[in-house]
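Overview (structure and organization)
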Amino acid sequence: MPNKEMLLIPGPTPVVDEIYDALTHETYAHTDPRFVKIFKNSLEMTKKLFNTDGEVFVIAGSGTLAMEIAIINTIAPGEKLLVISHGYFGDRFVPLAKSFGIQVETIQAEWGQHVRKELVEEKLAEGGFKAVTVTHVDTSTGVMANLDQLVPVVKKSGALFILDGVCAAAAVEEDMQKAYGDPAYTMDVVLTGSQKAIGVPPGLAIVAFGPRALAAREAMPAVTGYYSDIKNWLPIMNDPGKYYATPPVNMIYAFNKGMEIVMSEGLGKRYQRHAALGRAVRAGLSVYGMKPLAPEETAAPTLSCILYPEGVIDAEFRARLAQKGMVIAGALASLSGKAFRIGHMGNATEKMFVKALELVGETLKEMGHEADIEKAVAEFTKIYHSV
Ligand SMILES: *Cc1c(COP(=O)(O)O)cnc(C)c1O
């Protein structure tokens, strides 16, 4: 089932044939040893992806469920959470945590900018924060958080470090045993969904808990959830032949294949490829006078938020591209109409972006703007192969 369209939004991302094939595997019983073996295998690969010495949970749901699981299993109602937000998805932790009676404080960056670590340090000095959330790549702005700066500041304060990796996992390093300057400065929870850089259709919430995060759950007598309580899932994740709630059998087949593709490419190579792709796509689009919102130092390898040149009408531009079979996303909130978002992650290929740059150039011309397509493609190709 080859794709008819190029889905270049910030997720879901293009799904390759092997994954579609896996998805249509005959639906076995969730306790069938042939399925259990596949489930186990996918969990082992997930552990490797995050290099965790803790536990991983792969559960039917979307990335937002993964966020909820991370929050309610580490922070009790009445305790304090600090949200570091670089945009729309960072902000999502605020109502989420508040709905469970957690006290939330927020540090928000201006869209496209970074939260400075000094601000975080100052806030944490007030004391009493149980955890801090950081969005690795905020999908609204294309800004990537600087883990080298933030992990030490948060961990020094004694708070748990929770990383929303939904738009980064499997494209940017998220190593839970990596020590950021001190052996104790490691990330405690990393979460993602199946449909972004892993390249599998939407449907799975994926969360890794390190030892300190597991201990935080252990220290709480109960949590405000049943389906989201990791204690209910632990026996299943350790032995997927056991039953708690029926796993999405076909999605697990697809996920297993998606993770096999990730692992066979190799994590290092995959991270390098995404870094190159991000820079190359932005450089190609710049030839058309399209400016990335985030400065290159903080721009994400996985998606870009791109400001339109004067006079390009967002709705018309995206509708014309869609007619040509290329789907991109509009920008959110105050950037709506002024920018678009293009995903460049997962199993999207170099060939797709050459095509994408051609289609963008043609569309600009149709709309009465100038576009040097050859130069844009040449710039993309040069940078993609030199990074
Ligand atoms: C997409 C996304 C989410 C939400 O995931 P859903 O699968 O839509 O629930 C959360 N955080 C980030 C950073 C995202 O990119």
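Now for a look at the structure at hand. For clarity, every value in this text was computed on a predicted model and none was experimentally measured.

Scoring rules and cut-offs
Residues numbered from 1 in each chain as written. Predicted model: local features only at pLDDT ≥ 70, side-chain atom pairs only at ≥ 80, totals over all residues. Heavy atoms only, no water. Buried < 20%, exposed > 50% of the residue type's maximum accessible area, 1.4 Å probe, protein only. Helix = DSSP H or I, 4+ residues; strand = E, 2+ residues; numbered from the N terminus. Pairing = 2+ DSSP bridges. Core = buried A, V, L, I, M, F, W, Y, C linked by side-chain atoms within 4.5 Å. Domains from an automatic or database assignment. Near = heavy atom within 4 Å. Polar contact = N/O pair within 3.5 Å; in protein donor to acceptor, adjacent residues only side chain to side chain. Areas by Shrake-Rupley, 256 points an atom, 1.4 Å probe, with all protein chains shown as cover. Nonpolar A, V, L, I, M, F, W, Y, C, P; charged D, E, K, R; others polar.

Attention shifts here to the pairing of strand 9 (residues 189–193). Burial runs high along strand 9: 5 of the 5 residues are buried. Residue alternation in strand 9 divides its side chains into two sets, Val-189, Leu-191 and Gly-193 and Val-190 and Thr-192, and both sets are buried. Here 3 bridges tie strand 8 (residues 160–164) to strand 9, and the two strands are oriented parallel to one another. Bridging across to strand 9, Ile-162 finds its partner in Val-189.

Attention now goes to the nonpolar core. The biggest cluster of nonpolar side chains holds 102 residues, and the ones touching the most others in it are Ile-71, Val-120, Phe-161 and Phe-209. Top contributing element to this core by residue count: helix 9 (residues 249–265), with 9 residues. Looking at this core, you find at least three residues from each of domain 1 (17–264) and domain 2 (266–386). Counting 35 residues, the second-largest nonpolar core is a separate cluster that includes Leu-8, Ala-283, Met-326 and Leu-359.

In the vicinity of the ligand, 14 residues are found, and the nearest of them are Ser-62, Thr-64, Thr-139, Asp-164 and Lys-196. Between the ligand and Ser-62, the relevant distance is 2.6 Å, taken from an oxygen atom to a side-chain nitrogen or oxygen of the residue. Taking Asp-164, its side chain carries an N or O atom lying 2.7 Å from a nitrogen atom of the ligand. Burial of the ligand by the surrounding chains reaches 90%, relative to a free accessible area of 380 Å². Of all elements in the fold, only helix 3 (63–72) and helix 4 (88–98) reach the threshold of two or more residues within the shell around the ligand. Element by element, the count of residues in the shell around the ligand is highest for helix 3, at 3 residues. Class assignment of the residues belonging to the shell around the ligand gives a composition of 5 nonpolar, 6 polar and 3 charged.

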